[in-house]
Amino acid sequence: MFKRFYNILALHNFSSNSKITKKFIIILTFSLIFVLGIISVNDYGTTNDEYTNRFRSLVTINYLGEKLLPNINKKYKGDKEIPKLDEFSSKQRFYGGSVIQVPLTLAEIILGIKDKKNAFLSRHYVYFIIFFFSLIAFYNILKIRFINWQYCIIGVLILFLSPRIFANSFYN
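Here is what the cut-offs are and how they apply
Residues numbered from 1 in each chain as written. Predicted model: local features only at pLDDT ≥ 70, side-chain atom pairs only at ≥ 80, totals over all residues. Heavy atoms only, no water. Helix = DSSP H or I, 4+ residues; strand = E, 2+ residues; numbered from the N terminus. Buried < 20%, exposed > 50% of the residue type's maximum accessible area, 1.4 Å probe, protein only. Contact = heavy atoms within 4.5 Å. Phe/Tyr/Trp six-rings, centres within 6.5 Å; stacked < 30°, edge-to-face > 60°. Lys NZ or Arg CZ within 6 Å of the ring centre and 35° of its normal. pLDDT = per-residue confidence, 0-100. Salt bridge = Lys/Arg side-chain N within 4 Å of Asp/Glu carboxyl O. Core = buried A, V, L, I, M, F, W, Y, C linked by side-chain atoms within 4.5 Å.

Help me understand the side chain of Arg 54 in this model?
Structurally, the position occupied by Arg 54 is in helix α3 (residues 48-68). A residue is classified by how much of its surface remains accessible, and Arg 54, at 13% relative accessible area, is buried. The contacts of Arg 54, once residues within four sequence positions are left out, are Gln 101, Thr 105, Glu 108, Lys 116, Ala 119, Phe 120 and Arg 123.

This is the structure:
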């Protein structure tokens, strides 16, 4: 199969180091990675800590809303029972992930996503897009380390095709 592909490239006077071939292969690789990831988001469920993270971010948003915009906070909170931040124990209060969790929960509230399944799916899409951009950054780091661009593509594919890392790209 590879021999046939190579012959096709040779017929069109492409060399493996030409700029057109290089850009085409890089764009094709990252496009396939993106499409495969977006298609696969629905195949992965939620982890047990996602509900806790979402709840903690709701408490944080409630706290910030009470301090900064109390009228708007009451409007969006409605009749939901969200505990105050001081009611949390110190273990529950400390969590290092609010930088991503709070904006995602805020977007969920603003967009009016009521269903938890859709809320978590939207988070998984965002997580995968962050992972996709990290793959591009990883490619650029490999470009600094290796002169040959094909090694960089192979490195990105090894990272992307690792089953554990691929699964974690949707919820971590």
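The discussion continues.
Looking at this model, I keep getting lost on the packing of aromatic side chains. Mind explaining?
The description of two aromatic rings rests on the distance between their centres and on the angle between their planes. Tallying each qualifying case throughout the model produces 13 aromatic pairs. Here the aromatic rings of Phe 30 and Tyr 139 are separated by 5.7 Å at their centres, their planes lie at 85°, and the arrangement is edge-to-face. Of this pair, Phe 30 sits in helix α2 (residues 19-40) while Tyr 139 sits in helix α7 (residues 116-145), and the two are 109 residues apart along the sequence. Tyr 139 sits in the buried class, given a relative accessible area of 5%. Seen from their ring centres, Tyr 51 and Phe 120 are 4.7 Å apart, and the 75° between their planes marks the pair as edge-to-face. Of this pair, Tyr 51 sits in helix α3 while Phe 120 is found in helix α7, placing the two residues 69 residues apart along the sequence. In textbook terms, an aromatic cluster arises when at least three aromatic residues are bridged by ring pairs, as seen for Phe 30, Phe 34, Tyr 44, Phe 128, Phe 131, Phe 132, Phe 133, Tyr 139, Phe 160, Phe 166 and Phe 170. The ring of Phe 146 has Arg 145 lying over it, and the distance from NZ or CZ to the ring centre is 5.2 Å.

Would you mind going over the confidence of the model for the chain with me for this structure?
Caution is warranted with low-pLDDT regions, since their predicted coordinates should not be read in detail. Of the residues in the chain, 83% have a pLDDT of 70 or more, and the chain-wide mean is 83. At the level of individual helices and strands, the chain shows its lowest average pLDDT in helix α1 (residues 2-11), which scores 50, and its highest in helix α8 (residues 149-161), which scores 95. Counting interchain partners and residues more than four positions distant, the pLDDT-below-50 stretch residues 8-12 has 1 contact.

Whenever I open this one, the pattern of salt bridges confuses me. Can you help?
Opposite charge on two side chains permits pairing when their charged atoms draw close. Applying the stated criterion across every chain yields a total of 2 salt bridges. The shortest N-O distance in the salt bridge between Glu 108 and Arg 54 comes to 2.5 Å. Residue Glu 108 is located in helix α6 (residues 98-111), and its partner Arg 54 is located in helix α3; the two are separated by 54 residues in the primary sequence. Across the salt bridge formed by Arg 123 and Glu 108, the nearest N and O atoms sit 3.7 Å from each other. Of this pair, Arg 123 sits in helix α7 while Glu 108 sits in helix α6, and the two are 15 residues apart along the sequence. Exposure remark for Glu 108: the relative accessible area of 5% places this residue in the buried category. Via salt bridges that share partners, Arg 54, Glu 108 and Arg 123 belong to a single interconnected network.

Even after reading the chapter, I still don't get the environment of Gly 65, so can you show me in this structure?
Assignment of secondary structure puts Gly 65 in helix α3. Through-space distance from the C-alpha of Gly 65 to that of Lys 77 is 9.4 Å; in sequence the pair is 12 residues apart.

Help me understand the nonpolar core, please; the structure alone is not making it clear to me.
Within soluble globular proteins, side chains that are nonpolar tend to cluster in buried spots. With 18 residues, the main nonpolar core has Phe 30, Leu 135, Tyr 139 and Phe 160 as its most contacted residues. Secondary structure elements with two or more residues in this core: α2, α7 and α8. Tallying contributions element by element places α7 first for this core, with 7 residues. The contacts of Phe 30, once residues within four sequence positions are left out, are Phe 132, Leu 135, Ile 136, Tyr 139, Ile 153 and Val 156.

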